[in-house]
Amino acid sequence: MLYAIISQDKEGTHALRMETRPAHVDRLQALKEDGRLILAGPHPAVDNDDPGDAGFTGSLVVAEFDSLEQAKAWADTDPYITAGVYEQVTVKPFKKVLP
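None of the values given here were measured: they were computed from a predicted structure.

Caption draft 1: Layout of the overall build of the chain. Counting its secondary structure elements, the chain contains three helices and four strands. For the chain, the N- to C-terminal ordering of α and β elements is β-α-β-β-α-α-β. Its C-alpha atoms give the chain a radius of gyration of 13 Å, within 12% of the compact-globule value 13 Å for 99 residues. Considered along the principal axes of its C-alpha atoms, the chain spans approximately 35 × 30 × 25 Å. For the chain, with 99 residues in total, the buried portion stands at 32%. Put simply, of all contacts in the chain between residues at least 6 apart along the chain, 74% involve residues at least 24 apart. Looking at charge distribution, the chain has the averaged site of its 10 positive side-chain charges lying 7 Å from that of its 16 negative ones.

Caption draft 2: Looking closely at the sheet that holds strand E1 (residues 2-9). The strand order E2-E3-E1-E4 describes an open sheet built from four strands, whose pairing is antiparallel. The open sheet is flanked by strand E2 (37-44) and strand E4 (86-94), the only strands paired with a single partner. Between one strand and the next, the sheet's axes are offset by a mean angle of 10°, whatever the strand orientation. Where E1 meets E4, eight bridges bridge the pair, whose relative direction is antiparallel. Its bridge partner being in E4, Ile6 is matched across the sheet by Thr90. On top of the sheet, helix H1 (residues 14-33) reaches E1, E2, strand E3 (56-64) and E4; it is set at about 10° to E3, its chief contact.

About the cut-offs
- Residues numbered from 1 in each chain as written.
- Predicted model: local features only at pLDDT ≥ 70, side-chain atom pairs only at ≥ 80, totals over all residues.
- Heavy atoms only, no water.
- Helix = DSSP H or I, 4+ residues; strand = E, 2+ residues; numbered from the N terminus.
- Rg over C-alpha atoms; globule rule 2.2 N^0.38 Å.
- Buried < 20%, exposed > 50% of the residue type's maximum accessible area, 1.4 Å probe, protein only.
- Contact = heavy atoms within 4.5 Å.
- Lys, Arg positive; Asp, Glu negative; His and termini not counted.
- Charge placed at Lys NZ, Arg CZ, Asp CG, Glu CD.
- Pairing = 2+ DSSP bridges.
- Axes fitted to C-alpha atoms, helices over the stretch in contact; angles between N-to-C directions.

Below, the structure is given as structure tokens:
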């Protein structure tokens, strides 16, 4: 089943996010290589693809896992969690309808 992992950044963690990004992207790449990643990306803090110093407010990952518990376990070990970038993470089932 698909799961949405919706994360909210702590304020003032843009530099830490950029420092931790390679490890975060490596995990997403592994999901992609397994054929389980549907989409992933950050939420810019301003209405622009390149928010510059404004940074990001969080992230969205939609991926396939065997269970909600497995999705939560994967989310709980994200480098952004261990580094202290994320303030809150919500994991819930997702039903893709379109496209």
